[in-house]
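# A structural walkthrough
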Amino acid sequence: MSERRSHHPRPLKKYPWLRTAAERGAGHGPRSGAGAAGRSPAEPAPAAVDGTAVADERSVVDAAVYRDGRRVGTPDGLAATYRRLREEPGAMAWIGLYRPTEAELLSLAEEFDLHKLAIEDAMEAHQRPKLERYGETLFVVLRAARYLDAVEEVDFGELHVFVGPDFLITVRHGAAPDLSAVRARMESTPELLALGPEAVLYAILDAAVDGYAPVVSGVQNDIDEIETEVFRGDPAVSRRIYELSREMVEFQRATRPLVGMLRGLMAGFDKYGTDEELQRYLRDVADHVTHTSERVDGFRSALTDILAVNATLVTQQQNAEMRALAEAGFEQNEEVKKISAWAAILFAPTLVGTIYGMNFTHMPELHWVLGYPFALLLMAVVCVSLYVIFKRRDWL
């Protein structure tokens, strides 16, 4: 581990490129709640005193100084951490922040000479996973994920990591990953922690990648359920497929860049003298990331296929319903034709009987001896004729 460079905090005016919260505009409004930014929305941000940034320490989750893999100090706040690190030659500082204030990031930039672009990214958040090297400092952005069983959704968090020769700073913008577990793991293996900030970066990467495993299992279970719902004909399954597809797009954005990031880290093993054991660990993480990325790609492809199958089944169901309606209409039309045909047949004798039932004196057939048989014969002939006509036209 390289010896810490001795320097003192520089005045704030050294960083004119840093925009204030007001200058960044309403598009990135203040976080609500005291827990989000370490203070209530109505409380003003810490001011500058004598040209030096004053940090709001309430966003500091844990700050510790380590030497030879063991914790030698737990300072109270950032300023105390800076002092203790200067007092411990060959030591390393590990500072964990959760949604820090602008003043805290300014203080860190002053103390550790962090690059302006990295600080702006940490302030703004909503970054895609990436790895950038600024001189001796490595800046890493990770998108962690966790599966929420209660609502069957994937929740994504954002983590920014600054890795220097003798310090590591984590800026967390979400609930995942659980860095307290990472710190506990590293402190329980001092021989690994003694390898320095790169070892801590490995542990953070490993925790983030391991956190993808429950998400992969949860998504696989969701896809199995969706397949069952599709063939069951659940009308709400299309919306569920769409929502899960959106989550998989986000998951892809979180995992796919990690493959290239870890390749970049591995490419610098020889140049930066990375410990051989640490190289093995990082290669193992790279293998897990590749496997996870391939699984996520497979999920997206599977969801696309399921959506196509669901559309086909819905179309088939609609066609079957329309066919059933057409058949019902055809049957109804056949019944109407039969009724109409019999009505016409029965109407003929009714018409003849009605005519001869009129009480007119001067009707030729009334006094005709064959009048009654003639009327009956006429009725029969008309009825039979109509029956034959309707039968030939398949109305009966």
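Refer to the structure presented above.
The notes below deal with the structure included here. (Residues numbered from 1 in each chain as written. Predicted model: local features only at pLDDT ≥ 70, side-chain atom pairs only at ≥ 80, totals over all residues. Heavy atoms only, no water.)

### Digging into the overall build of the chain
Within the chain one finds twelve helices and nine strands. Going through the 396 residues of the chain one by one, you find that 41% of them count as buried. Looking at the chain alone, contacts between residues at least 24 apart form 65% of all its contacts between residues at least 6 apart. For the chain, the computed accessible surface area is about 21700 Å², with 55% contributed by carbon and sulfur atoms. (Helix = DSSP H or I, 4+ residues; strand = E, 2+ residues; numbered from the N terminus. Buried < 20%, exposed > 50% of the residue type's maximum accessible area, 1.4 Å probe, protein only. Contact = heavy atoms within 4.5 Å. Areas by Shrake-Rupley, 256 points an atom, 1.4 Å probe, with all protein chains shown as cover.)

### Observations regarding helix H5 (residues 179–188)
Inspection of H5 places Leu179, Val182, Arg183 and Met186 among the buried residues, and these make up the whole buried set. Taken down its axis, H5 places every buried residue within 95° of arc, on the same side. In H5, the exposed residues that point more than 90 degrees away from the buried face are Ser180 and Ser188. (Arc of directions from axis to C-beta.)

### Some remarks on the pattern of salt bridges
Working definition: two side chains of opposite charge can pair if their charged atoms are close together. In this structure the tally under the stated criterion is 19 salt bridges. Of the charged contacts, one joins arginine 86 and glutamate 111 as a salt bridge, the two residues approaching to 2.8 Å between their closest N and O atoms. Taken together, the positions of arginine 86 in helix H2 (residues 78–87) and glutamate 111 in helix H3 (residues 102–112) put the pair 25 residues apart, joining distant regions of the chain. Given a relative accessible area of 33%, arginine 86 falls into the partly exposed group. The class for glutamate 111 is buried, based on a relative accessible area of 0%. Across the pair glutamate 225 and arginine 240 runs a salt bridge, and its minimum N-O distance is 2.7 Å. (Salt bridge = Lys/Arg side-chain N within 4 Å of Asp/Glu carboxyl O.)

### Here we look at helix H7 (residues 197–210)
Across its 14 residues, H7 extends 20 Å between first and last C-alpha, which sits within 8% of the 20 Å expected from 1.5 Å per residue. With eleven of 14 residues buried, H7 is to be regarded as a mostly interior element. The set of residues buried in H7 consists of Pro197, Ala199, Val200, Leu201, Tyr202, Ala203, Ile204, Leu205, Asp206, Ala208 and Val209. (Expected span 1.5 Å × (residues − 1).)

### Considering a nonpolar patch on the surface
On the surface, Phe347, Leu351, Ile355, Met358 and Phe360 cluster together to form a nonpolar patch covering roughly 480 Å² of accessible area. Position of phenylalanine 347 among the secondary structure elements: in helix H11 (residues 276–356). (Patch = residues over 30% accessible without salt bridge, like charges linked within 9 Å, V, L, I, M, F, W, Y side chains within 5 Å.)

### Here's the deal with the pairing of strand E7 (residues 137–148)
Counting buried residues in E7 gives ten out of twelve residues, a clear majority hidden from the surface. The pairing of strand E6 (residues 130–134) with E7 spans five bridges and is classified as antiparallel. Across the sheet, residue arginine 133 finds its bridge partner in E7, namely leucine 138. With antiparallel pairing between neighbouring strands as the criterion, E6 and E7 make up a hairpin whose turn holds two residues, including glycine 135 at a positive phi of roughly 65°. Pairing geometry for E7 and strand E8 (residues 153–163), over eleven bridges, is antiparallel. In the strand pairing of E8, alanine 145 is matched with phenylalanine 156. A loop of four residues connects E7 with E8, the two strands running antiparallel in sequence, and glutamate 152 in this loop sits at a positive phi of about 55°. (Pairing = 2+ DSSP bridges.)

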